[in-house]
Amino acid sequence: MLNQIYTKGAGLPLQGSDVAVAWDGLYWFLFWLSVFFFVLVVGGMIYFAIVYRQREGKKAKYIVDNHLLEATWTVIPTVLLLVIFAWGWNVYKRMVQPPSDAMEVRVIGKQWLWNFQYEDGRLETNKLVVPIHKPVKLLMTSEDVLHSFFIPNFRVKSDVVPGMYTTVWFEAKVPGEHQVFCTEYCGTSHSGMLAKIEVLEPAQYELWKANKPYTLSGVRTISSDIFAARRAAGESTQLKSETIPLPEQGKKLVEAKGCTACHSADGSARIGPSYKGIFGHEAELANGEKVTVDENYISESIRKPQAKVVKGFNPVMPPYTKEMISETEMNAIIAYIKSLK
Ligand code: CUA
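Computed from a predicted model, the values in this text were never measured in an experiment.

### Regarding the nonpolar core
Judged by nonpolar contacts, the single largest core of 34 residues is most densely connected at Trp114, Phe116, Leu128, Leu138, Phe149, Phe170 and Ile197. Top contributing element to this core by residue count: strand S10 (residues 195–200), with four residues. Sequence-distant contacts of Phe116, defined by excluding residues within four places in its chain, comprise Val105, Arg106, Val107, Arg122, Leu123, Glu124, Asn126, Lys127, Leu128, Phe149 and Ala195. Core analysis: the next-biggest nonpolar cluster, separate from the first, contains 26 residues, Cys259, Tyr297, Ile325 and Ala332 among them.

Here it is, written out as structure tokens:
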């Protein structure tokens, strides 16, 4: 049963975040504005069709123009459209700009599941655990095809695209279980590509972090039968206890994959640029262009090293395919480079 998902707020999902409340405000404004003009226009049409219908001996008056009427139907819709634009822009900005203190979780979509990779090194499948009242930023990519990550209760959604990183962020304010859907057709089991978000009270969240049993209270807005069926079928929703923090996993990986032969971690240049202090800064390329070193740039430079070569270095690095470095490993490597301030 999709219990509760579509039962709150006059047919809308429950409002799990402040952004959801803001979106619903705009939605209902648009809805009632449309109702008002529908009644005005269609009602007026019916009224005029009846009152001014053709009758024996009555000749219609010829009206050239009416400036007051024309000004009214120009000014009022213009003001209304500008209000809708400003309101929409405002909520959109809130939706796309995560606060700088947001905690980061990396999300990898693949046919047909969601993997969540935490900063402390845990990896969980189809279950995202977050504390209540804390901004959470999801950094998402795909291992195979296009997916789309949608949390109806939080009113946020973004495409999840192979070869690049996209983000959504939210601050949950309702404890309990919230449904995640894949909302981009991605093959046979697209409709079964479900995950849940567990929003925990601070004390329970600390227990989860310490790998101890915790209790989940609050709403249940997930397709619980599907998760129950999966548990019955033996699918583990428990964490695979990889307890090494993500940056440390990345450090081990760059050593194991041989990256350190050409890239240092101390700022000295070898065959390639050093990892140190590059994240978030600009790099000058061989062709004179500038690029900000972020998740997308690092990922591209590992998969297609010749695409944007840093000035002063030769284009000699071989490309690393997904068979050589998986998206999960890529996230750890990026976290490591990011940690080298
Ligand atoms: Cu993944 Cu639809």
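### Overview of the domain arrangement of the chain
Along its sequence, the chain is organised into domain 1 (2–96), domain 2 (103–232) and domain 3 (246–339). Centre-to-centre separation of domain 1 and domain 3, based on C-alpha positions: 52 Å.

### Describing the packing of helix H6 (residues 295–303) against helix H7 (residues 327–339)
The packing of two helices is summarised by the inter-axis angle and the distance between the axes. The N-to-C vectors of H6 and H7 enclose an angle of 120°; their axes lie 10 Å apart at closest approach. Here H6 is positioned oblique relative to H7, judged by the angle of their axes. For H6 against H7, the interelement crossing comes out right-handed. Note on element contacts: H7 touches H6 through Glu327, Met330, Ile333, Ile334, Ile337 and Lys338, opposite Glu295, Ile298, Ser299, Ile302 and Arg303. Within the contact of H6 with H7, the residues separate by chemical class into six nonpolar, one polar and four charged.

### Details of the side chain of Gln249
As for its placement among the helices and strands, Gln249 is situated in helix H5 (residues 246–256). Assessed through its relative accessible area of 15%, Gln249 is described here as buried. Of the polar contacts made by the side chain of Gln249, one reaches the backbone oxygen of Ile244; its length is 2.9 Å.

### Quick notes on the pattern of salt bridges
Tallied over the entire structure, the rule returns 17 salt bridges. Residue Lys338 pairs with Glu104 through a salt bridge whose shortest N-O separation is 2.9 Å. Here Lys338 is found in helix H7, whereas its partner Glu104 is found in strand S1 (residues 103–110), with 234 residues between them in sequence. In this structure, Arg122 engages Asp120 in a salt bridge whose closest nitrogen and oxygen atoms are separated by 3.1 Å. Judged by relative accessible area, Arg122 falls into the buried class, the value being 4%. Of the residues examined, Asp120 reaches a relative accessible area of 28% and is grouped as partly exposed.

How each quantity is defined
Residues numbered from 1 in each chain as written. Predicted model: local features only at pLDDT ≥ 70, side-chain atom pairs only at ≥ 80, totals over all residues. Heavy atoms only, no water. Core = buried A, V, L, I, M, F, W, Y, C linked by side-chain atoms within 4.5 Å. Buried < 20%, exposed > 50% of the residue type's maximum accessible area, 1.4 Å probe, protein only. Helix = DSSP H or I, 4+ residues; strand = E, 2+ residues; numbered from the N terminus. Contact = heavy atoms within 4.5 Å. Domains from an automatic or database assignment. Axes fitted to C-alpha atoms, helices over the stretch in contact; angles between N-to-C directions. Parallel < 35°, antiparallel > 145°, perpendicular 65-115°, else oblique. Left-handed = near helix turned anticlockwise from the far one by under 90°. Nonpolar A, V, L, I, M, F, W, Y, C, P; charged D, E, K, R; others polar. Polar contact = N/O pair within 3.5 Å; in protein donor to acceptor, adjacent residues only side chain to side chain. Salt bridge = Lys/Arg side-chain N within 4 Å of Asp/Glu carboxyl O.

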